[in-house]
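Reading the structure
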Amino acid sequence: MNISNLNFSGEGIAFVDKDGHKLPVTSAFKKILNRIANYFLDIELYLLWIVGYIPSHFIRGLFYRLAGIKLGRQATIHMGARFFLPKNISIGQGTIVGDHAFLDGRAKINIGKHTDIASEVMIYNSEHNLSDPAFKAIEEPVTIGDYCFIGPRVIIMPGVNVGNGAIVAGGAVVTKDVPTGMIVGGVPAKVIGERPLKELDYKLGRPRLFQ
């Protein structure tokens, strides 16, 4: 809450919302507590952004786990990653996330095992409702399966499920589910092929030391 949330009149001081509507004291108090919590979250996210440039997978992973990210064994997030709400993010065993990725986390993000996510990938799970008069947000979980490859600078939108073994070509914008084993590309992403391998049982190579 700030000075713009206070209305001064001859009747005294009243709390108002962002649209100028008067708020009961209990609602105003809840909003104040929520604002304080969000300030702490902002500080946490800023510190995680700084941590994201420490050139050590072990140290970054330690801080990410402390922030609530569920990292499977040998899962790696390269340098420069950004988050919105870390506690809702789960990354499976042996998965590698490339540098400067953005993982939203306002709803659940579940990424499977041995999945390769390239550089500068953005995964969102919150967007504005264009039909809502207040322009409120809609939050939907995102799931990416095992043994997937998500190419560089891919954008995955809220509510998308990427099936096991699927491949998303670089630069694609994924707005709909990707079936298991399919290859998609383009804006918006469409099926452009099918992965020839059906039985997937490999492990990704080691992450670069200082990336």
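Residues numbered from 1 in each chain as written. Predicted model: local features only at pLDDT ≥ 70, side-chain atom pairs only at ≥ 80, totals over all residues. Heavy atoms only, no water.

- With an unreviewed UniProt entry as reference, the protein is termed Acetyltransferase, source organism Candidatus Collierbacteria bacterium GW2011_GWB2_45_17.
- Listed under Sequence similarities (unreviewed entry) in UniProt, the entry text for the protein is "Belongs to the transferase hexapeptide repeat family." (UniProt positions renumbered as here; feature names shortened; annotations may be inferred.)

Observations regarding unusual backbone geometry
- The peptide bond linking Val-187 to Pro-188 adopts the cis configuration, its omega dihedral lying at -10°.
- When you line up the elements, Pro-188 lands in the loop between strand 20 (182-185) and strand 21 (190-194).
- The backbone phi angle of His-100 is positive, close to 60°, even though this residue is not glycine.
- Mapped onto the fold, His-100 is located in the loop between strand 7 (96-97) and strand 8 (102-103). (Helix = DSSP H or I, 4+ residues; strand = E, 2+ residues; numbered from the N terminus.)

Focus on helix 2 (residues 57-66)
- Among all positions in helix 2, only Arg-60, Gly-61 and Tyr-64 are buried. Down the axis of helix 2, the buried set is contained in an arc of 100°. They therefore lie on one face. Pointing more than 90 degrees away from the buried face of helix 2 are the exposed residues Phe-58 and Leu-66.
- At the C-terminal side of helix 2, Gly-68 shows a positive phi close to 110°. (Buried < 20%, exposed > 50% of the residue type's maximum accessible area, 1.4 Å probe, protein only. Arc of directions from axis to C-beta.)

Some words on the pattern of salt bridges
- According to the stated counting rule, one finds three salt bridges in the structure shown.
- Glu-120 is paired through a salt bridge with Arg-153; the nearest N and O atoms lie 2.8 Å apart. Of this pair, Glu-120 sits in the loop between strand 10 (116-117) and strand 11 (122-123) while Arg-153 sits in the loop between strand 15 (149-150) and strand 16 (155-156), and the two are 33 residues apart along the sequence.
- Across the pair Glu-194 and Lys-198 runs a salt bridge whose closest N-O atoms are separated by 2.6 Å. (Salt bridge = Lys/Arg side-chain N within 4 Å of Asp/Glu carboxyl O.)

A closer look at the packing of aromatic side chains
- The full count for this structure, using the stated rule, is five aromatic pairs.
- Each ring, one from Trp-49 and one from Tyr-53, has its centre 6.1 Å from the other, and the planes form 85°; the classification is edge-to-face.
- Using a relative accessible area of 31% as the deciding quantity, one classes Trp-49 as partly exposed.
- Ring centres of Tyr-64 and Phe-83 lie 5.1 Å apart, and the angle between their planes is 70°; this geometry places the pair in the edge-to-face category. (Phe/Tyr/Trp six-rings, centres within 6.5 Å; stacked < 30°, edge-to-face > 60°.)

Examining the pairing of strand 20
- As judged from the two bridges shared by strand 18 (residues 167-168) and strand 20, these two strands associate in the parallel manner. Each bridged residue has a counterpart across the sheet, and for Val-168 the counterpart in strand 20 is Val-184.
- Here strand 20 hands over to strand 21 after four residues, with Gly-186 in that stretch at a positive phi of 100°. (Pairing = 2+ DSSP bridges.)

Let's talk about the nonpolar core
- Membership of the largest hydrophobic core comes to 37 residues, with the highest contact counts inside it found for Phe-83, Ile-123, Ile-144 and Ile-156.
- Listing elements by their share of this core, those giving two or more residues are helix 1 (25-51), strand 6 (89-91), strand 9 (109-111), strand 14 (142-144) and strand 20.
- Both of domain 1 (1-53) and domain 2 (59-204) provide at least three residues apiece to this core.
- Excluding anything up to four places from it in sequence, Ile-123 contacts Phe-102, Leu-103, Asp-104, Ile-109, Ile-111, Ile-117, Val-142, Ile-144 and Ile-156. (Core = buried A, V, L, I, M, F, W, Y, C linked by side-chain atoms within 4.5 Å. Domains from an automatic or database assignment. Contact = heavy atoms within 4.5 Å.)

What about the sheet that holds strand 20?
- Strand order across the open sheet formed by seven strands is 4-7-10-15-18-20-21, with mixed pairing between neighbours. Either end of the sheet is taken by a strand with one partner, and the two such strands are strand 4 (76-77) and strand 21.

Considering the environment of Pro-55
- On the secondary structure map, Pro-55 appears in the loop between helix 1 and helix 2.
- Between the C-alpha atom of Pro-55 and that of His-78, which follows or precedes it by 23 residues, the distance is 8.9 Å.
- Leave out the neighbours within four places in its chain, and Pro-55 touches Arg-60, Met-79, Leu-209 and Phe-210.

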